[in-house]
Amino acid sequence: GNSVTQMQGQVTLSEEEFLFINCTYSTTGYPTLFWYVQYPGEGPQLLLKVTTANNKGSSRGFEATYDKGTTSFHLQKASVQESDSAVYYCVLGSSGGNYKPTFGKGTSLVVHP
Amino acid sequence: DMKVTQMPRYLIKRMGENVLLECGQDMSHETMYWYRQDPGLGLQLIYISYDVDSNSEGDIPKGYRVSRKKREHFSLILDSAKTNQTSVYFCASSPPGQNTEVFFGKGTRLTVV
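Heads up: these notes are all about the structure in this document. Remember, predicted model here, so these are calculated numbers, not experimental data.

Turning next to the interface of chain A and chain B. Counting from both sides, the interface comprises 23 residues of chain A and, opposite them, 23 residues of chain B. Carbon and sulfur atoms supply 48% of the area that chain A and chain B bury against each other, a total of about 1800 Å² over both sides. Among the residues chain A hides against chain B, the three largest losses belong to Tyr99(A), Lys100(A) and Phe103(A). Together they make up 31% of the total. Taken together, the links from chain A to chain B amount to 2 salt bridges. Two residues, Lys106(B) and Glu42(A), come together in a salt bridge whose shortest N-O distance is 2.8 Å. Here chain A and chain B share 9 residue pairs in polar contact (both at pLDDT 80 or more) between them. At the level of secondary structure, the elements contributing two or more residues to the side of chain A that touches chain B comprise strand E5 (33-38) and strand E6 (45-50) of chain A. The biggest single contributor to the side of chain A that touches chain B is E5(A), with 3 residues. Considering only residue class, the side of chain A that touches chain B consists of 9 nonpolar, 10 polar and 4 charged.

Put into structure tokens, the structure is as follows:
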């Protein structure tokens, strides 16, 4: 079946540092990949998505490349701000049958001023 | 304004009591979801509903049941709540088709004492 692995439970950075959140996935077919962000007291919301393998998606300074060769979809940002502190979920869509997305366990980002 | 609304936002129940969590969406989405979120475990899928009276078990359905009698409403029921069901519960919905965005509510924090 489908699976998503986020090895980092928490990432702690200072403002203006580079962010890298690791995400790998396992699936058959060619599903879409997503990153969701959850701010304190809110539900998760879509940050970005990439539908086609080997393409890059970007939003609000965040980027992720759908790498089918390494089955990875890492999230990056050149310079984080305190307001980026949140939980980030890597999500694998599904292809065929009823839709059932697969969420990773999430990575908590803490950015200190 | 597209949104998923959860009621109540906070709830305290005694062990053995019945619990009803309600969710509504104003986007006419066919698919709705119930997740629970616990520290270190991320979002775990309890049930999916693909339309009225078309419900499927998710990854952790034990101890829960659901009801969907109208497309815009999806209820989660805990018969005889247990302390290990203390969690934050999220309802979500998505439009038809594969690899679509999932829209989340703000969550209900349930404490079972």
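For the peptide bond that leads from Met7(B) to Pro8(B), omega is -15 degrees, which places it in the cis range. Inspection of the secondary structure puts Pro8(B) in the loop between strand E1 (4-7) and strand E2 (10-13). The backbone phi angle of Glu16(A) is positive, close to 75 degrees, even though this residue is not glycine. Among the secondary structure elements, Glu16(A) is positioned in the loop between strand E2 (10-14) and strand E3 (19-21).

Residue and element names in this part refer to chain B. Within the secondary structure, Arg68 is located in strand E7 (residues 65-70). Buried and without a salt bridge, Arg68 has Asp51 as its closest oppositely charged side chain, separated by 4.9 Å. Here the side chain of Arg68 touches His29 through a polar contact of 3.1 Å, landing on its backbone oxygen.

Next up on the list: the sheet that holds strand E3 (residues 19-25) of chain B. Hydrogen bonding along the main chain pairs the strands of a sheet, whether they run parallel or antiparallel. All names here are of chain B. Pairing in this open sheet of 4 strands is antiparallel, and the strands run E1-E3-E8-E7 from one edge to the other. The sheet is open, and its two borders are formed by E1 and E7, each paired with just one other strand. Strand-to-strand twist of the sheet, defined as the mean angle between neighbouring strand axes without regard to direction, takes the value 20 degrees. One ladder, built from 4 bridges, connects E3 with strand E8 (residues 73-78); its direction is antiparallel. Bridging from a neighbouring strand, Gly24 pairs with His73 of E8.

About the thresholds
Residues numbered from 1 in each chain as written. Chains lettered and ligands numbered in written order. Predicted model: local features only at pLDDT ≥ 70, side-chain atom pairs only at ≥ 80, totals over all residues. Heavy atoms only, no water. Contact = heavy atoms within 4.5 Å. Buried area = accessible area lost by both parts, 1.4 Å probe. Salt bridge = Lys/Arg side-chain N within 4 Å of Asp/Glu carboxyl O. Polar contact = N/O pair within 3.5 Å; in protein donor to acceptor, adjacent residues only side chain to side chain. Helix = DSSP H or I, 4+ residues; strand = E, 2+ residues; numbered from the N terminus. Nonpolar A, V, L, I, M, F, W, Y, C, P; charged D, E, K, R; others polar. Buried < 20%, exposed > 50% of the residue type's maximum accessible area, 1.4 Å probe, protein only. Lys, Arg positive; Asp, Glu negative; His and termini not counted. Pairing = 2+ DSSP bridges. Axes fitted to C-alpha atoms, helices over the stretch in contact; angles between N-to-C directions.

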